[in-house]
Amino acid sequence: MALLLLVDGSSYLYRAFHALPELSNARGEPTGAMVGVLNMLRRLENDMKARNVTCKAVIFDAKGKTFRDEWYPEYKANRPPMPETLAAQIEPLHECIAALGWPLLMESGVEADDVIGTLASRAAAAGMEVVISTGDKDLAQLVGPQVTLVNTMSNETLDEAGVLAKFGVPPERIVDFLTLVGDSVDNVPGVNKVGPKTAVKWLSQYGSLDAVVAHADEIGGAVGGNLRQALDFLPLGKKLVTVRCDLDLPQQPWELTPRAPDIDRLRTLFAHYEFRSWLKEIGNIAGDGGSGAGERNVEGNARNGTSAIASPSASLFPQAIAQPLPIAAVQETSDAHRADYVTVLDWETFAAWQGKIADAALVAFDTETTSLDVFAARIVGISLATAPGEAAYIPLAHRGPGAPEQLDRERVLQALKPWFESPQPQKIGQNVKYDQHVLANHGVALAGVVHDTMLESYVLESDRKHDLEQLATRHLGLATLSYTDLCGKGAKQIGFDEVDVERASAYGAEDSDVTLRVHEVLHRALADEPGLTRVYGEIEMPVREILFRMERAGVLVDRALLAQQSHEIGTRLLALEQETYKLAGQPFNLNSPKQLAEILFGRLGLPVRKKTPSGAPSTDEEVLSELALDHPLPKLLLEVRELAKLKSTYTDKLPRMINPETGRVHTSFAQSIVGTGRLASSDPNLQNIPVRTAEGRRIRAAFVAPPGCRIVSADYSQIELRIMAHLSGDERLLQAFAQGEDVHRATAAEIFGVAPSEVGSNERRIAKVINFGLIYGMSAFGLARQLDLERSAAQAYIDRYFARYPGVLRYMEETRAQAHTQGYVETVFGRRLWLPELRSAQATRRQGAERAAINAPMQGTAADLVKLAMINVQNWLDTEKLHARLVLQVHDELVLEAPEGEAEQVCETLPRLMAQVAELKVPLLVEVGVGANWDKAH
């Protein structure tokens, strides 16, 4: 028997939207409902694979009123407007469903239920079997010998017996049942106080609604009275809940045959909305061998996953190939982007490719290695691309029983060394800094790098991810091969040198090929944005080279001093632990939130400030800071946590991170992680060493100059406040900086209405908190908490501040409005800072994005200034042929290592070099210090 599958798309849509957390692509476009509906369709098709589904359709409600609104104006009147984030997903969802080959139906003036009812009725009359997938109980009235309901969300199937078991009445009495109980969702009143049990009782006793009405006078009690009061409305109520089965539809049910998926359209849609796993499946169906996510020299983390219902990981295509196509099959596909890849296994082919890269105007290259640790990594293979689709992989160190004979690695590197070290031809890569380190490990000094796709993407789309996999998806609609597909993951992961050469070649050559293709797209986009072109060409690319040199140099640390500090901190922690026991009145595990909560909120009776997502009282740092005002134990616990963090993160860990070959610590500076343009330090993170505590400053003392050298530190003074003055143009703030005033004292004088000489330390402290707090969007509530004030007093301070500095308020209001209009803000130098959360349906996210809109131009401009300073300083060092070198960049500070004979010259020149990088409306002030270690210099 032929089978018609009808999907209640509107039911799917609302259930998916409310069942899932808020999801979006990197553009900020909501995607949660789309993912949920498409996943439910996928699951439904998988469940129906064993059945003979010959016809199918997804039915949605059309916009506008229906005949029921004319009958009853209050119909669905209590429903709130559709959320904007849901409405935005309807059209693209329809496109996805249609592209998947599903017939899609929407009929004006009626509801989806009526379309489903009509199709089901006609199909059953024609002898077809009908399955309706819905979560709507109203459609139970359609169930019959040839019609069943399935609920994909709950795995429930309802035939005639199932309807009776679930509702207590058979399908032919569902309309009577709904008329009595009403439908609160559609605002259809039933009989007051009559629920399912009473309705079933009456219908079982009397047989039908008409019979219940006929015996209304016999039903006693309040509920009988309610029935009699509802008698006039019941006929209309019955009409409202009855699904029509007699519509004049343009298609007959047997005409609803599915089409083949529109692969090109799906690729475009899935790439745009970042449905990565589904995009991979398209590759498998289309024969381009697409696969999943891989490790392609990534700065940053993979996008967070979604819940089981939402995860776009399972097949949308039940008819698709179960396993990815073999690499060989992919390469034989004439239209595949890997069709012309070459594996270089002989010197004749190698020589041919040497000629190709020598003659090419631009060459993309990549290295495949043994490790992601830049100092430990050794080359396994090299890939090259000279044109889109024209790429080669040179395997050099693959091992294993099936590995073919490969060219000698050292001989290949010696042959390629002149090319790598020449400024011509021009070279391009993805996160080239990593490859530059790897080549340096083999004695090759890379030169001639003119583009880095990761940095191109970062400048164009600061809020998004910039790994090659995502760039290929976003800009090319390609699902690239996955590192984990080749190497596995977890305990069973193998090294890249153990990967089959044929598969490794497809992966490696694709790296360079896709890099070249992505560059073509991004380069065109940058060409249309002169401001972004300057940021990319004059800031990010020059800084890339400087960061490589800084990472290569590393910084010297005093192992013995760190060991001493670690011992002292450990001793102090033991003493503090005993003090906490005394204050708590008993020993407890300081690392157990549960035990700590029992002490704080149980034994000591301190107030619960907030709770964790699981509902337990929170004991985080914010809570402890508030509780510290009421009891000494929380303050002591904060000190314990700070010391323990210093010990584990720095004094214990730093000695273990000293490179045995260089004797120095080598941090990694990531350029594309922080949207504002700031650098991110990792392995180890040297930007988070606290400087406000004596213990934190002591750790800086362990960063020392080698014999015969000094540490020089140069730091921009109050840089973000100065940028605020420049951006806002506030006359009073500009005047304070122009005259070299203590800006916090000047602000205090303005707020408190006194002369600067009369400002006390407490007034200056309040002004300082306000000055910096407003930069970060601090509210009156936040200011009150930080200063331990009443909220009204904090608001009064803020009001006075804005009254005295109206330009600052104007800047904030204009920037907030501009951000909402264009979706981004810009730095003084043209860096674009995207704020997709401004479109979030969640108020807290929107408010956070508005605060970021105000702060980002200041943070971003400060980041640009520091990077320009690095470029200026490095150019000077190179021009003067000095031996001093940059070793660290932390916040607004540059740290150099200088021979003693150059230290004075460096200290004299740095402030000028750093202050000259830009002309703002206020002078840039640089403070410089010198010493045997970082602490003394700072």
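Conventions adopted
- Residues numbered from 1 in each chain as written.
- Predicted model: local features only at pLDDT ≥ 70, side-chain atom pairs only at ≥ 80, totals over all residues.
- Heavy atoms only, no water.
- Pairing = 2+ DSSP bridges.
- Helix = DSSP H or I, 4+ residues; strand = E, 2+ residues; numbered from the N terminus.
- Buried < 20%, exposed > 50% of the residue type's maximum accessible area, 1.4 Å probe, protein only.
- Contact = heavy atoms within 4.5 Å.
- Core = buried A, V, L, I, M, F, W, Y, C linked by side-chain atoms within 4.5 Å.
- Salt bridge = Lys/Arg side-chain N within 4 Å of Asp/Glu carboxyl O.
- Phe/Tyr/Trp six-rings, centres within 6.5 Å; stacked < 30°, edge-to-face > 60°.
- Axes fitted to C-alpha atoms, helices over the stretch in contact; angles between N-to-C directions.
- Parallel < 35°, antiparallel > 145°, perpendicular 65-115°, else oblique.
- Left-handed = near helix turned anticlockwise from the far one by under 90°.
- Nonpolar A, V, L, I, M, F, W, Y, C, P; charged D, E, K, R; others polar.
- pLDDT = per-residue confidence, 0-100.

## What about the sheet that holds strand β5 (residues 147-151)?
In step 1: Here we have six strands laid out as an open sheet, ordered β3-β2-β1-β4-β5-β6, and mixed in their pairing. Strands at the two margins of the open sheet, each flanked by one partner only, are β3 (104-105) and β6 (156-158).

## Quick notes on the environment of A364
In step 1: As for its placement among the helices and strands, A364 is situated in strand β8 (residues 362-369).
In step 2: Owing to a relative accessible area of 0%, A364 belongs among the buried residues under this scheme.
In step 3: As a C-alpha pair, A364 and A563 span 199 residues in sequence and 46 Å in three-dimensional space.
In step 4: In contact with A364, not counting residues within four places along its chain, are S383, L384, A385, I428, S512, T515 and L516.

## Topic: the nonpolar core
In step 1: Core analysis: the largest hydrophobic core is formed by 113 residues, its most contacted members being L600, F703, Y716, L865, V873, L894 and L896.
In step 2: Examining the composition of this core, we find that 12 residues originate from one element, helix α35 (residues 843-879), more than from any other.
In step 3: Excluding its chain neighbours within four sequence positions, the residues that come into contact with L600 are G605, L606, T619, L624, L627, L633, P634 and L637.
In step 4: By size, the runner-up hydrophobic cluster in this structure holds 56 residues, among which are A123, V169, L203 and A230.

## What to know about the pattern of salt bridges
In step 1: Scanning the model with the defined rule gives 45 salt bridges in all.
In step 2: For E129, the salt bridge identified is with R51, shortest N-O distance 2.3 Å. Taken together, the residues span a long stretch of sequence, with E129 in strand β4 (residues 129-133) and R51 in the loop between α2 (32-47) and β2 (53-59) at a distance of 78 residues.
In step 3: Overall, the relative accessible area of 23% leaves E129 in the partly exposed class.
In step 4: A relative accessible area of 34% means that R51 is categorised as partly exposed.
In step 5: D892 is paired through a salt bridge with R678; the nearest N and O atoms lie 3.2 Å apart. Taken as a pair, D892 in the loop between β18 (885-890) and β19 (893-899) and R678 in the loop between β13 (668-670) and β14 (680-682) lie far apart in primary sequence, 214 residues in all.
In step 6: Salt bridges sharing partners connect three or more residues here, namely E274, E461, R464 and R474.

## Considerations on the sheet that holds β8
In step 1: The strand order across the open sheet built from six strands is β7-β10-β9-β8-β11-β12, with neighbouring strands paired in mixed fashion. With one partner strand each, in any of the chains shown, β7 (342-343) and β12 (449-452) form the two edges of the open sheet.
In step 2: Here three bridges tie strand β11 (residues 426-429) to β12, and the two strands are oriented parallel to one another. Pairing of G429 across the sheet is with D452, part of β12.

## With respect to helix α28 (residues 719-728)
In step 1: Within α28, nine of the 10 residues are buried, which leaves it mostly tucked inside the rest of the structure.
In step 2: Of the residues making up α28, those classed as buried are I719, E720, L721, R722, I723, M724, A725, H726 and S728.
In step 3: Of the surrounding secondary structure, the elements contacted by the buried residues of α28 are β15 (709-716), α29 (731-738), α30 (743-752), α31 (761-775), α34 (806-822) and α35.
In step 4: Following α28 by one or two positions, G729 adopts a phi angle in the positive range, close to 65°.

## What about the packing of aromatic side chains?
In step 1: In this structure the tally under the stated criterion is 19 aromatic pairs.
In step 2: Relative to F802, the ring of Y801 has its centre 5.7 Å away and its plane inclined at 80°; by these criteria the two rings are edge-to-face. Accessibility assignment for this pair places Y801 and F802 in one class, buried.
In step 3: Ring pairing ties together the aromatic residues F270, Y273, F275 and W278, which thus form one cluster.

## Some points on the environment of F270
In step 1: Counting through the fold element by element, F270 comes out in helix α12 (residues 263-273).
In step 2: Using a relative accessible area of 0% as the deciding quantity, one classes F270 as buried.
In step 3: F270 sits 106 residues away from A376 along the chain, and the two C-alpha atoms are 38 Å apart.

## Description of the packing of helix α7 (residues 174-181) against helix α8 (residues 196-206)
Any two packed helices are characterised by the angle at which their axes cross and by the distance between the axes.
In step 1: The N-to-C vectors of α7 and α8 enclose an angle of 130°; their axes lie 9 Å apart at closest approach. Regarding the angle of α7 to α8, the classification is oblique. The crossing of α7 and α8 is right-handed. Contacts from D176, F177, L180 and V181 in α7 reach P196, A199, V200, W202 and L203 in α8.
In step 2: For the contact of α7 with α8, the class distribution of residues is eight nonpolar, no polar and one charged.

## Regarding the confidence of the model for the protein chain
In step 1: Mean pLDDT over the protein chain: 88, with 93% of residues reaching 70 or higher.
In step 2: Of the regions scoring below 50 in pLDDT, residues 287-298 engages in 57 contacts with residues more than four places distant in sequence or in other chains.
In step 3: In the predicted structure, residues 318-335 sits below a pLDDT of 50 and forms 28 contacts with residues beyond four places in sequence or in another chain.

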